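Architecture at a glance
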Amino acid sequence: AQSVTQLDSQVPVFEEAPVELRCNYSSSVSVYLFWYVQYPNQGLQLLLKYLSGSTLVKGINGFEAEFNKSQTSFHLRKPSVHISDTAEYFCAVSESPGAGSYQLTFGKGTKLSVIP
Amino acid sequence: SAVISQKPSRDICQRGTSLTIQCQVDSQVTMMFWYRQQPGQSLTLIATANQGSEATYESGFVIDKFPISRPNLTFSTLTVSNMSPEDSSIYLCSARTSGSWEQYFGPGTRLTVT
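These figures come from a predicted structure and were not determined experimentally.

The next point concerns the packing of aromatic side chains. Inspection of the entire model under this criterion finds 11 aromatic pairs over all chains. Measuring from ring centre to ring centre gives 5.5 Å for Phe 63 of chain A and Tyr 89 of chain A, while their planes differ by 45 degrees; the resulting arrangement is tilted. Note that Phe 63 of chain A is positioned in the loop between β7 (56-58) and β8 (64-68) and Tyr 89 of chain A in strand β10 (residues 87-95), a separation of 26 residues in sequence. Given a relative accessible area of 0%, Tyr 89 of chain A falls into the buried group. An aromatic cluster is defined as three or more aromatic residues linked by ring pairs; in this entry it consists of Phe 34, Tyr 36, Phe 90 and Phe 106 of chain A together with Tyr 35 and Phe 105 of chain B.

Enumeration according to the criterion identifies two disulfides over all chains in this entry. Here Cys 23 of chain A connects covalently by a disulfide to Cys 91 of chain A, the sulfurs 2.0 Å from one another. An S-S torsion of about -65 degrees defines the bridge between Cys 23 of chain A and Cys 91 of chain A as left-handed. Of the two residues, Cys 23 of chain A is situated in strand β4 (residues 23-26) and Cys 91 of chain A in strand β10; the sequence distance between them amounts to 68 residues. Classification of Cys 23 of chain A as buried rests on a relative accessible area of 0%. The class of Cys 91 of chain A is buried, set by a relative accessible area of 0%. Between the sulfur atoms of Cys 23 of chain B and its disulfide mate Cys 93 of chain B the distance is 1.9 Å.

Moving on, we come to the sheet that holds strand β8 (residues 75-80) of chain B. Residues and elements named next belong to chain B. One open sheet accounts for four strands, arranged β1-β3-β8-β7; its pairing is antiparallel. The outermost strands of the open sheet, each flanked by one partner alone, are β1 (4-7) and β7 (68-72). On average, each strand axis in the sheet is inclined to that of its neighbour by 15 degrees, with strand direction left out of account. Bridging between β7 and β8 involves three bridges; their strand directions are antiparallel. In the strand pairing of β8, Asn 72 is matched with Phe 75.

Definitions and limits used
Residues numbered from 1 in each chain as written. Chains lettered and ligands numbered in written order. Predicted model: local features only at pLDDT ≥ 70, side-chain atom pairs only at ≥ 80, totals over all residues. Heavy atoms only, no water. Phe/Tyr/Trp six-rings, centres within 6.5 Å; stacked < 30°, edge-to-face > 60°. Helix = DSSP H or I, 4+ residues; strand = E, 2+ residues; numbered from the N terminus. Buried < 20%, exposed > 50% of the residue type's maximum accessible area, 1.4 Å probe, protein only. Disulfide = S-S within 2.5 Å. Pairing = 2+ DSSP bridges. Axes fitted to C-alpha atoms, helices over the stretch in contact; angles between N-to-C directions.

Put into structure tokens, the structure is as follows:
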């Protein structure tokens, strides 16, 4: 079985400062990794995904994440945050094809608050 | 990509009643899923809605409590039956298109049971 741990439940950061949201996963098979963002009263939107290839993945809204297999991590980063980035961010893992189901397992989420 | 809509967006229901949530996708999709997001919690998969066959439920969720229909490749419903206050949650529908590992999510249905 797979699991996802988001180490910080809340992250306050000043506008234009950099931010890192941490995510660690556990799985006995190869995985695909995802970051989703949920704005207040909205559904989830995919920020970026790692399926294979380069371990540095760039997504929308200036976010990027780095897959580190040895540390089983997939931390999300942005060099300069905006007020509009205030939202909840979810890390998710799925077993890769042939290794299991298509089920997404989500972390508990990290609430990013950008302070003016 | 796929755009997903859900109805209703929110509802307040009385204990013991049932609510059916509708999920509509703007294109044909291979797989549809229903998730529950309890207050302050992450998303938990309830079931995978299979077109033309019974839904596949995750551990802890049963068909009698959460009956699901999927009559075609663009539509699904989730019913929350015999509701109790513990069923107060956001229910989200998602879909995955053939050949893609991305899941698209609807805006959710915010359910409050009193």
